[in-house]
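An overview of the molecular structure
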Amino acid sequence: MTHATEQEALLSAEGLTRWYGRQLGCRDVSFDLYEGEVMAVVGESGSGKTTLLNLLSAQISPSAGRVLYRMRDGVTRDLAGLGEAERRLLARTDWGFVHQDPTMGLRMGVSAGANVGERLMAVGWRHYGEIRGSATSWLDRVEIDPARIDDMPATYSSGMRQRLQIARNLVTQPRLILMDEPTGGLDVSVQARLLDLLRGLASELKLSVVLVTHDLAVARLLSHRTIVMKEGEVIETGLTDQVLDDPQEPYTQLLVASVLPA
Amino acid sequence: MGAVLELIGVSKTFTMHLQGGLRLPVLAGVSFAVHAGECIVLAGRSGIGKSSVLKMIFGSYRCDAGHILIEQDMERTDLVQAPARRVLSLRENTIGYVSQFLRAVPRVPAIDVVAQPLFGNGTSRDSARARAADLLHRLNIPDSLQNLPPATFSGGEQQRVNIARGFLPERPILLLDEPTASLDSENCAVVTSLIAEKKRYGTAVVAVVHDETVRERIADTIVDLTQFAAAA
């Protein structure tokens, strides 16, 4: 029998709506995300995907609706009810945010090792040797040669930077990862390697992931479930293969039919 | 003993929005039951919806009406109404599916493609890989290929990797979509005996098979879908 808390969602969106003045960001988005589940959010640019990510990570506040998150102590809290310090602690420890542009998620002025170690220091690690040891093993896990630990991320290729960003996020053992087009802008061979890495890490570490992508192949490879957004609203949801193999809505059918076969 | 899998009044219509909302009714009222150790072969002309039935049981196609009842641990689930999480857990523990074509993942070697369904359910990686290697050997995939990603394999080799992946985990229900379509007679015989072993083990099998010899050797019951064809 599964433990009681595993039956409860880690993250729930309830009627999430966000207006930018008279411009709609997203409207009435609701879903539950459970531990170990990867959910893809697909839709073209301007469909509200990034607004949704920013709402989920409490970087912006909703015009209506709420986001519930089950904290490590098992208590489910409304993000709007958290203090600034609590929110920052969550963002630094229990959440990861992988940006499309790794320079947004990395500190370009410090070494790769420091980029990874910094998140550990933020949660109270002080022993230099332990921090360096952990950073080294994480670089290795994301397939970066540990000999490059003291190099600046500026000297890294874009694929390496993206993997470094992932290591920086995972080092604190977060439970929730939000990803915004993590493979966008990478060439395909680098993409394949990154996708394979992400797939392995997500299942091994039982991560819950919200993955924003416009690439349906990425959604198929990485996610269990998919929600399709158009003009700020969720128009279709389901198991990923169901949404991609048997799309119901006109827009989803168009999306699926528009993919060029390789 | 009750049925492991039962379809009651299952219907499927495709609506093609890109063709002006064209509605294609395919199947209506599909009903049959499968018991442990039994193999049902779906029959009917090409395009009648044999693969669609398998996909509805696996949950990758939606079902417009009816019930798909699955028995697991004394508990009955109607797949048509079950939430996505439940369907995922049934796929992890109860329903195996061998699709017509392998969807190759870049960079992952064949042996891991096969062993992967066992990863994470208590089996160690080494023993999962050892079992995967045994099965691949039986299907005549040599060691030299096992450590390569299957993207560059021939059609028949890919299909055998796909079969190994579907057959390795022991699941009470196994769905097979043309498992022998691109295989030579030697490998065809291997797959036929693998299916027979599954049946002896108590697996309920639903298969789409065109090859007459294979069909005769594995089928306990043939369900002709022609009787359920929807009036267009």
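Residues numbered from 1 in each chain as written. Chains lettered and ligands numbered in written order. Predicted model: local features only at pLDDT ≥ 70, side-chain atom pairs only at ≥ 80, totals over all residues.

**Side note on the overall build of chain A**
Looking only at helices and strands, one finds ten helices and ten strands in chain A. Against the globule reference of 18 Å for 262 residues, chain A gives a C-alpha radius of gyration of 18 Å, in line with a compact fold. C-alpha atoms of chain A, sized along the principal axes, occupy 55 × 45 × 45 Å. Buried residues in chain A amount to 44% of all 262 residues. Sequence-distant contacts, at least 24 apart, represent 65% of the contacts inside chain A between residues at least 6 apart. (Helix = DSSP H or I, 4+ residues; strand = E, 2+ residues; numbered from the N terminus. Rg over C-alpha atoms; globule rule 2.2 N^0.38 Å. Buried ≥ 20, exposed ≤ 12 C-beta atoms within 10 Å, placed from the backbone. Contact = placed C-beta atoms within 7 Å.)

**Quick look at the domain arrangement of chain A**
Residues and elements named next belong to chain A. Partitioning chain A into domains gives domain 1 (1-94 + 178-262) and domain 2 (105-173). Distance between the C-alpha centres of domain 1 and domain 2: 25 Å. Listed as interface residues are ten residues of domain 1 and, on the opposing side, eleven residues of domain 2. In terms of residues, the side of domain 1 that touches domain 2 owes the most to one element, helix α7 (residues 188-204), which gives five residues. A per-class count over the side of domain 1 that touches domain 2 returns six nonpolar, two polar and two charged. (Domains from an automatic or database assignment. Nonpolar A, V, L, I, M, F, W, Y, C, P; charged D, E, K, R; others polar.)

**A closer look at the pairing of strand β3 (residues 39-43) of chain B**
Residue and element names in this part refer to chain B. With four of five residues buried, β3 is to be regarded as a mostly interior element. Bridge analysis of β3 against strand β9 (residues 221-224) gives four bridges, and the strand direction is parallel. For Val41, the partnering residue across the bridge sits in β9 and is Ile222. (Pairing = 2+ DSSP bridges.)

**Thoughts on the nonpolar core**
Val41, Leu211 and Leu222 of chain A together with Ile57, Val114, Ala164 and Leu175 of chain B are the most contacted members of the largest nonpolar core, which has 130 residues in total. The residue makeup of this core includes at least three contributed by each of domain 1 (1-94 + 178-262) and domain 2 (105-173) of chain A. (Core = buried A, V, L, I, M, F, W, Y, C linked by C-beta atoms within 7 Å.)

**Quick word on helix α1 (residues 49-56) of chain A**
Residues and elements named next belong to chain A. Along α1, six of the eight residues are buried, which leaves the element largely enclosed by surrounding structure. Three or more residues of α1 are buried, namely Lys49, Thr51, Leu52, Leu53, Leu55 and Leu56. Note on α1: the residue one or two positions beyond its end, Ala58, has a positive phi of about 60°.

**Topic: the confidence of the model for chain B**
Mean pLDDT over chain B: 92, with 99% of residues reaching 70 or higher. In the predicted complex, the global pTM is 0.91; the interface-specific ipTM is 0.89. (pLDDT = per-residue confidence, 0-100.)

**Regarding unusual backbone geometry**
Glycine aside, residues mostly have negative phi angles, and peptide bonds mostly take the trans form. A positive phi angle, close to 55°, is found at Asp28 of chain A, a residue other than glycine. Of note in this structure, Met74 of chain B is not a glycine but carries a positive phi near 65°. Classification of Met74 of chain B as exposed rests on a count of 6 C-beta atoms within 10 Å.

**Notes on the interface of chain A and chain B**
Counting residues at the interface gives 19 residues for chain A and 15 residues for chain B. Classifying every residue of the side of chain A that touches chain B by side-chain character gives seven nonpolar, six polar and six charged.

**Some details on the pairing of strand β5 (residues 75-78) of chain B**
Residue and element names in this part refer to chain B. Sheet topology places strand β4 (residues 65-72) next to β5; four bridges connect them, and they run antiparallel. Bridged to Glu71 within β5 is Arg76. Hairpin remark: β4 followed by β5, antiparallel, with two residues in the connecting loop; positive phi at Asp73, about 50°.

**Observations regarding the packing of helix α4 (residues 112-122) of chain A against helix α5 (residues 128-141) of chain A**
All names here are of chain A. It is at 9 Å that the axes of α4 and α5 come closest, and there the two elements cross at 120°. The pairing of α4 with α5 is recorded here as oblique in orientation. The handedness of the crossing between α4 and α5 is right-handed. Residues Ala112, Gly113, Val116, Gly117, Leu120 and Met121 of α4 lie in contact with α5, whose contacting residues are Ile131, Arg132, Ser134, Ala135, Trp138 and Leu139. (Axes fitted to C-alpha atoms, helices over the stretch in contact; angles between N-to-C directions. Parallel < 35°, antiparallel > 145°, perpendicular 65-115°, else oblique. Left-handed = near helix turned anticlockwise from the far one by under 90°.)

**Digging into the sheet that holds β5 of chain B**
Residues and elements named next belong to chain B. Judged by pairing direction, the sheet is antiparallel, and its four strands sit side by side in the order β2-β1-β4-β5 without closing on themselves. Whereas interior strands pair on both sides, the edge strands pair on one side only; in this sheet they are β2 (22-34) and β5. Neighbour-to-neighbour, the strand axes of this sheet turn through a mean angle of 25°, independent of strand direction. Pairing of strand β1 (residues 5-16) with β4, which is carried by five bridges, proceeds in the antiparallel orientation.

**Brief notes about the environment of Leu55 of chain A**
Residue and element names in this part refer to chain A. Here Leu55 is to be found in helix α1. It is 18 Å that separates the C-alpha atoms of Leu55 and Pro174, two residues lying 119 residues apart in sequence. Setting aside residues no more than four positions away along its own chain, Leu55 makes contact with Leu16, Arg18, Ile60, Pro62 and Val67.

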